[in-house]
Amino acid sequence: MPDLTPKRESQFRHMRDVAREIFTSALKNASIESGFARNVHCERRVVRIGDDLHHLDSYQRVFVVSIGKAAHTMAAALEAQLGSGLEGIVASSVEPASQVHGFRYFRGGHPTPTAESIHAADAILKSLTSLDAASLAVFMISGGGSSIVEKPVVTKKDTLKNDEISLPDLAATYRTLVHSGAPIAEINAIRKHLSSVKGGRLAQAAYPAQQVSILVSDVPDDTPDALASGPTMPDSTSIHDCELVAAKYNLIDQLPKSVADLFREHALDETPKSDDPAFIRARWWTVLSNKVAIDEAAVAATRAGFAVEVDNSCDDWPYDKAAAYLLNRLRELRRTVSRVCLISGGEVTVAVRNGGVGGRNQQFALACAEQISGHDITVLSAGTDGIDGNSPAAGAVVDGGTIFRAGSGRADARAGAEAVRHALSGFNAYPLFDALGDTVITGPTGNNLRDLRILLAY
């Protein structure tokens, strides 16, 4: 294996910067503000949301619920379009930089629910049940809402035994699901059936009000009801689906007894489906999604002089399988083009066992590091929400020189490869990337459009 010369390291450093610039440009141009500017507009008290028009003066009351990682940004963007005088509730996982007048604020937990998550759910349910047919409920939903707003459902079993799922059991359930390796849609199928607010149950609470949902999506485009576990949409999953997921990942033996017993006793209650009256006066509009972030990354990569290809086929694949697939695809493209950028959106999965500090993006990047050692390839993987797992990073960037630089500062490829394998097996990628200066740090972005993987060959 050739040494990492100063000239080669300079080239790798430059390409790491290019990959960061592509990602940063995508974040900037796929913003909440731009999504609202395209899809939400108000003039003379008539608001257009998507293709729908709502005459605000025709309603006796307009109530807004904004939940998820983008909740603060969405509330501010709505006020910018509609003006002041709104009322509602905002629930996010971080404190707001500023508050919109007329809104109550809650800081729920993420990635597991907290007591404040339950307080937020109680406040939202109480407010929605006070609406009538002359009211308009505006829901603004973004990723992370599943844990930020939560309240365990009271099932028939609970009613008979006076037994509810406790907050510690709820948090343990979330941890089990998140670490199971299951895709988000399968995780959310179970979350919906354990919740009083998910799987269309907020829509039931707001009935018979007119309802419109503005979505900033961090789920696959063909499963919009998985976003924040679909609190305002008909649920496309069933109890049977939940039981299949539990069996597939051997979850029942890992879940707290109060939750596992619901499966063992077949005591889950079904969620509302598309024929439920709650959805007769309900509409949903996606104003931002992973596709917008991908498109903006493609524009930036083209401007940087790369031929661009998009391949999202490894969405929800295990991280190591996705890494092998995308690197092989990149090499195929490189045969015919001198400079190519392969962009892949969506999320990969990681089944964590006794993990350290990191996240799925850093784990994916680390899985690429040894496979591209010595080659003119750079890989960046990061979350558009600015958060990757339990680390302070959004993701990380690797290249053909990473293995050399990871060798205890000695440009020792053998020691570097061992360090990478140790971090991979311990699900502890962040300390290694932090030491190399190869983390991608953005802080919470106030947005959440899933992940971007940017692979450069040059």
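Scoring rules and cut-offs
Residues numbered from 1 in each chain as written. Predicted model: local features only at pLDDT ≥ 70, side-chain atom pairs only at ≥ 80, totals over all residues. Heavy atoms only, no water. Core = buried A, V, L, I, M, F, W, Y, C linked by side-chain atoms within 4.5 Å. Buried < 20%, exposed > 50% of the residue type's maximum accessible area, 1.4 Å probe, protein only. Contact = heavy atoms within 4.5 Å. Helix = DSSP H or I, 4+ residues; strand = E, 2+ residues; numbered from the N terminus. Expected span 1.5 Å × (residues − 1). Phe/Tyr/Trp six-rings, centres within 6.5 Å; stacked < 30°, edge-to-face > 60°. Lys NZ or Arg CZ within 6 Å of the ring centre and 35° of its normal. Disulfide = S-S within 2.5 Å. Axes fitted to C-alpha atoms, helices over the stretch in contact; angles between N-to-C directions. Parallel < 35°, antiparallel > 145°, perpendicular 65-115°, else oblique. Left-handed = near helix turned anticlockwise from the far one by under 90°. Pairing = 2+ DSSP bridges.

Enquirer: So what exactly am I meant to see when it comes to the nonpolar core here?
Expert: Where a protein is soluble and globular, its nonpolar side chains tend to be buried together. Ranked by size, the top nonpolar core spans 96 residues in total, and within it Phe 36, Leu 78 and Ile 214 carry the most contacts. With near-sequence residues (within four places) excluded, Ile 214 lies in contact with Phe 36, Val 40, Ile 49, Met 74, Leu 78, Val 138, Phe 139, Met 140, Ile 141, Trp 285 and Val 287. Ile 89, Phe 106, Ala 121 and Ala 123 belong to the second largest nonpolar core, which has 29 residues in total.

Enquirer: Can you walk me through helix α12 (residues 290–303) in this structure?
Expert: Three or four residues apart is the spacing at which side chains of an α-helix point the same way, because the helix has 3.6 residues per turn. Along its 14 residues, α12 runs 20 Å from first to last C-alpha, staying within 8% of the 20 Å computed at 1.5 Å per residue. Among all positions in α12, only Asn 290, Val 292, Ala 293, Ile 294, Ala 297, Ala 298, Ala 300 and Ala 301 are buried. Of the residues one or two after α12, Gly 305 is the one with positive phi, at around 95°.

Enquirer: How should I be thinking about the packing of aromatic side chains in this particular structure?
Expert: For any pair of aromatic rings, the description rests on two quantities: the centre-to-centre distance and the angle between the ring planes. By the definition in use, this model includes 2 aromatic pairs. Measuring from centroid to centroid gives 6.3 Å for Phe 279 and Trp 284, while their planes differ by 50°, and the two rings are tilted. Ring centres 5.1 Å apart and planes at 65° place the aromatic pair Trp 317 and Tyr 325 in the edge-to-face group. Judged by its relative accessible area of 28%, Tyr 325 is partly exposed. Here the basic side chain of Arg 339 rests over the ring of Phe 306, its NZ or CZ set 4.2 Å away from the ring centre.

Enquirer: I keep staring at unusual backbone geometry and nothing clicks. Help me out?
Expert: Leave glycine aside and you will find that most residues have negative phi; peptide bonds, for their part, are mostly trans. In this structure, Pro 111 follows His 110 across a cis peptide bond, with omega equal to 10°. Summarising the element assignment, Pro 111 is placed in the loop between β6 (103–107) and α4 (115–128). Cis peptide bonds are those with omega within 30 degrees of zero, and the linkage from Tyr 207 to Pro 208 qualifies with 15°. Mapped onto the secondary structure, Pro 208 falls in the loop between α9 (201–206) and β8 (210–216). The phi angle at Asp 316 is positive, at roughly 70°, despite the residue not being glycine. Among the secondary structure elements, Asp 316 is positioned in the loop between β10 (307–310) and α13 (319–334). With phi around 50°, Asn 354 is a residue other than glycine that occupies positive phi space. Relative to the helices and strands, Asn 354 resides in the loop between β11 (340–346) and α14 (360–369).

Enquirer: What is the right way to look at the state of the cysteines in this model?
Expert: Here a disulfide denotes one covalent bond, and it connects the sulfur atoms of two cysteines. Enumeration over the complete set of coordinates arrives at 0 disulfides. Cys 368 provides the cysteine sulfur closest to Cys 341, a residue in no disulfide bond, and the two sulfurs are 14 Å apart.

Enquirer: What is the right way to look at the packing of helix α8 (residues 184–193) against helix α10 (residues 239–248) in this model?
Expert: Between two packed helices, both the angle of their axes relative to each other and the distance between the axes serve to describe the pair. In the contact formed by α8 and α10, the axes pass within 9 Å of each other and the chain directions differ by 125°. As summarised for this structure, α8 and α10 are arranged oblique, according to the angle between their axes. α8 and α10 meet at a crossing whose hand is left-handed. Here α8 contributes Glu 186, Ala 189, Ile 190 and His 193 to the contact with α10, which in turn contributes Ile 239, Cys 242, Val 245, Ala 246 and Lys 248.

Enquirer: Would you explain the sheet that holds β11 in this entry?
Expert: What holds strands together in a sheet is hydrogen bonding between their backbones, with the strands either parallel or antiparallel. Judged by pairing direction, the sheet is mixed, and its 6 strands sit side by side in the order β10-β11-β15-β12-β13-β14 without closing on themselves. The strands lining the two open edges of the sheet, one partner per strand, are β10 and β14 (439–440). Examined bridge by bridge, strand β12 (residues 377–383) and strand β13 (residues 395–399) share 5 bridges and lie antiparallel to one another. Bridge pairing links Leu 380 to Val 397 in β13. In this fold helix α1 (residues 6–29) packs onto β12, β13, β14 and β15 (451–457), with an angle of close to 145° to the strand it touches most, β15. With respect to the sheet, α14 is in contact with β12, β13 and β15, its orientation differing from that of β13 by roughly 10°.

This is a description of form; function is not addressed.
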